[in-house]
Amino acid sequence: MASKPQGEAPLLRSFLFRTATRCPVRLRYHRLDYPEKEERRTYARHARYNRRQLEALLRAVHPGGLRVEKEGDAAAAGATREALDQGWELVYDAQFEDRGCRARLPLLRRREGSLECLLVQTRAFKPGRHRLSGKGGAVRDTWRETLLDFAFRMQVVSWCLPGEKLRPLLVFPSRSGRAANDALHRMLEEGDPLPHPESSLLVEVEAEEEVSRVRRGELFRGTSWAGLELPDAMESAVELLRGKRRPEPSPGYKCRGCEFRLDPDDGREPHGFRECWSGRMEEDDRHIFGLFGPGIRRWSREGIYLQHEIPEEEIATVAEVRAGERPLTAKQRQGLQMRGYRGGELPEEIVRPGLPDALASWRYPLYFLDFEAGTYAVPVRGGRPPYHLELFQFSCHTLHEDGSWSHRQWIDRGGEGYCNYALLRNLARVPGLGADSSTGGGTLVQYSGFEGQALRKMRGELREEQRGRAPEDRRELLDWLDALLDGAEGRPAVQLADMSRLVRDYYYNRHMEDSLGLKEVVRAVMAMGGVLQERWSRPYRGSNFDGIVWWQPDGKGGVRSPYRILVEQGGADVQRGAEAMTSYADLRAGRLGVDERQDRLSSLLKYCELDTLAMLMIFQHWNSGCAFQVQDS
């Protein structure tokens, strides 16, 4: 929340009100600007980008209005009232302020004696399938937050415009809509007129009954405001925001999703989650929210929140886990976590038979492949729906039987046409995978099933491409994809392998903590030393790195995460997939200066190269210790 000038009371916004509804204590932490999870901020940035694009689309679909552009809450609210008094039928970015609350609506539309209040939502909506209310008119849980937000705004508007007949309408991107223009996102950023109308991309949904239910207090059951109507709850939240009352923490299962529950290695202070739990937790206590697997909700209902409170008989023993040959379960991993916390001796490594069996089926060369992709509310290409998948980058490390490897990469820089087809063209140039390869085969290794799914999705997209939009090389791309995925005469198909599934089902080592993600697993296998210590203690030179050392001791008996090393080497802009998606959104919007644009591109390339290098590292560790032999295709 933006800070207020000294002496000026903060205003309650809708997102703060929703936060206070879930947990009043969080409102205090927001007021005092406590550190939040970085990942949450990243997703919030992505949501803001989509909302900004959708609001620009809404203005383009309803042109001819007045946009409120005054700075400052009071000035903007005054300009909104002035526009309505002057008889404007369309007002964009309308803003209202009253009783310590502030609300903004992207569009006011006067029609048929009513003032229609339109609020954009980023979630896609399919008319005829999705409904705001269920049986008996009760608000569906999936729309609870949306309607709390909208009712708050409508209450502020009604305070500011008493006597007006208000009609609340939610505006969603339509799942059944299709863009009529290419590069629509850029037209909206630059304010260009649209060559073709785009009304099919948006759907308006009546919300009067649902908003009325919220205003009567029907969604406050089970909260600290149970029994209150909306205006009274808002008044209470304003008092909390301004520090007139200090709520007492009420720890529970709701704390699991708290934005102030920072990662264990996040050293920022103050720590809101720890502050709330300070009366129950000692410094060395471990919370159940850090555990794998089932049971967390049940334990919470029983008042069990700390790992040492869990009954001994509910925890799998190390002997039980080691003795099995079937895939590892989440409950077994959970047991190993808790046994380690309680001081038990953990096995260095557990390798189920399924791991060497799976690796023995792989064929060289091994293509460690990673795509970076995004989904955006406004389609980049005509004929596509909202949140159509956009593949904007790949990295591929190719490992050969003799231990040598090479690296290929590509990223959309904004001038290569439609990114999905450009990615396919560049991927087809990777030696061995390419359309000109006479051998084919090999194994395409992913850390999930995403890359294989995306290739099949792109094949379907090419097959269904609208007449007049199909690329000139459509037939060549389809033939290559068919040969790659299904094989062709004299050329075997590539084998698709999901490394994350092998980790989940068949692999454990004692350095793994509370995640099976690529970043955690590569750090864990690096900590085993051996071949990885020998190889990666030497400088690595790749497409985006020059002399970086990936195996580094942490000074505490362990090793540092390669991803932490990446941050310190200048790759801090992108540390996870969600940040890659938001960085690409900034690139495609065309708002970055030359230097910042180059920094974003560099960060994206480094992050993606490290992802495929990390998969290669994990394989090298497995290859050095598992009794199997990868075959030559």
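Quick notes on the rules
- Residues numbered from 1 in each chain as written.
- Predicted model: local features only at pLDDT ≥ 70, side-chain atom pairs only at ≥ 80, totals over all residues.
- Heavy atoms only, no water.
- Buried < 20%, exposed > 50% of the residue type's maximum accessible area, 1.4 Å probe, protein only.
- Helix = DSSP H or I, 4+ residues; strand = E, 2+ residues; numbered from the N terminus.
- Pairing = 2+ DSSP bridges.
- Core = buried A, V, L, I, M, F, W, Y, C linked by side-chain atoms within 4.5 Å.
- Contact = heavy atoms within 4.5 Å.
- Phe/Tyr/Trp six-rings, centres within 6.5 Å; stacked < 30°, edge-to-face > 60°.
- Salt bridge = Lys/Arg side-chain N within 4 Å of Asp/Glu carboxyl O.

Draft legend 1. Spotlight on the pairing of strand β3 (residues 101-111). Counting buried positions over the 11 residues of β3 gives eight, a clear majority of the element. Connecting the antiparallel pair strand β2 (residues 90-98) and β3 is a turn made up of two residues, with Arg-99 showing a positive phi of about 55°. Bridging between β3 and strand β4 (residues 114-120) involves five bridges; their strand directions are antiparallel. Across the sheet, residue Arg-109 finds its bridge partner in β4, namely Glu-116. Taken together, β3 and the strand that follows it, β4, pair antiparallel across an intervening segment of two residues, in which Glu-112 is found at a positive phi of about 55°.

Draft legend 2. Examining the nonpolar core more closely. Membership of the largest hydrophobic core comes to 90 residues, with the highest contact counts inside it found for Leu-424, Met-499, Trp-536 and Trp-550. Ranked by residues supplied to this core, first place goes to helix α22 (residues 594-625) with 13 residues. Non-local contacts of Met-499, meaning those with residues more than four positions away in its chain, are made with Trp-362, Phe-368, Val-445, Gln-446, Tyr-447, Met-615, Ile-618, Phe-619 and Trp-622. In terms of nonpolar packing, the next biggest core, distinct from the first, is built from 53 residues, Cys-101, Leu-108, Leu-170 and Leu-219 among them.

Draft legend 3. Just the environment of Ala-493, in detail. Tracing the chain through its elements places Ala-493 in the loop between α16 (474-486) and β13 (495-498). With a relative accessible area of 26%, Ala-493 lands in the partly exposed category. Taking the C-alpha atoms as reference, Ala-493 lies 6.2 Å from Ala-483; in sequence the two are 10 residues apart. Residues contacting Ala-493, with those up to four places away along its chain left out, are Gly-441, Ala-483, Leu-484, Leu-485, Asp-486 and Gly-487.

Draft legend 4. A look at unusual backbone geometry. That bond from Glu-269 to Pro-270 is cis: its omega, 0°, falls within 30 degrees of zero. Cis geometry marks the peptide bond from Tyr-364 to Pro-365; its omega dihedral reads -5°. Of note, Pro-365 is situated in the loop between β8 (363-364) and β9 (366-375). Even without a glycine there, the phi angle at Glu-112 is positive, about 55°. On the secondary structure map, Glu-112 appears in the loop between β3 and β4. Even without being glycine, Tyr-387 reaches a positive phi, approximately 60°. By secondary structure assignment, the location of Tyr-387 is in the loop between β9 and β10 (389-399).

Draft legend 5. Structural view of the packing of aromatic side chains. One pass over the full model with this rule turns up 26 aromatic pairs. When the centroid spacing of 5.1 Å and the interplanar angle of 80° are considered together, the rings of Phe-545 and Trp-550 count as edge-to-face. Of the two residues, Phe-545 and Trp-550, both sit in the buried class. Three or more aromatic residues joined by ring pairs form one cluster here, namely Tyr-253, Phe-273, Trp-277, Phe-289 and Tyr-305.

Draft legend 6. Structural view of the environment of Asn-623. With respect to the helices and strands, Asn-623 occurs in helix α22. Judged by its relative accessible area of 34%, Asn-623 falls in the partly exposed class. Taking the C-alpha atoms as reference, Asn-623 lies 51 Å from Leu-188; in sequence the two are 435 residues apart.

Draft legend 7. Representation of the pattern of salt bridges within the structure. Scanning the entire structure with this criterion turns up 55 salt bridges. Among the salt bridges present, the one from Glu-259 reaches Arg-26, with a minimum N-O distance of 3.2 Å. Here the residue Glu-259 occupies a position in the loop between α8 (230-241) and α9 (272-277), and Arg-26 occupies one in helix α2 (residues 24-31), the gap between them amounting to 233 residues. Residue Glu-259 is classed as buried on the basis of its relative accessible area, which comes to 2%. A relative accessible area of 5% means that Arg-26 is categorised as buried. The closest approach of N and O atoms between Arg-213 and Glu-218, which form a salt bridge, is 2.7 Å. A relative accessible area of 16% places Arg-213 in the buried class. We classify Glu-218 as partly exposed; its relative accessible area is 23%.

Draft legend 8. How the structure looks around the sheet that holds strand β6 (residues 202-206). The six strands are arranged β1-β2-β3-β4-β5-β6 in an open sheet whose pairing can be described as mixed. The open sheet terminates on both sides in strands that have one partner only, identified here as β1 (66-67) and β6. Taken together, the six bridges between β4 and strand β5 (residues 166-173) define a ladder with parallel strand orientation. Directly across from Leu-115, in β5, lies its bridge partner Leu-166.

Limitation: the analysis is restricted to geometry and does not speak to function.
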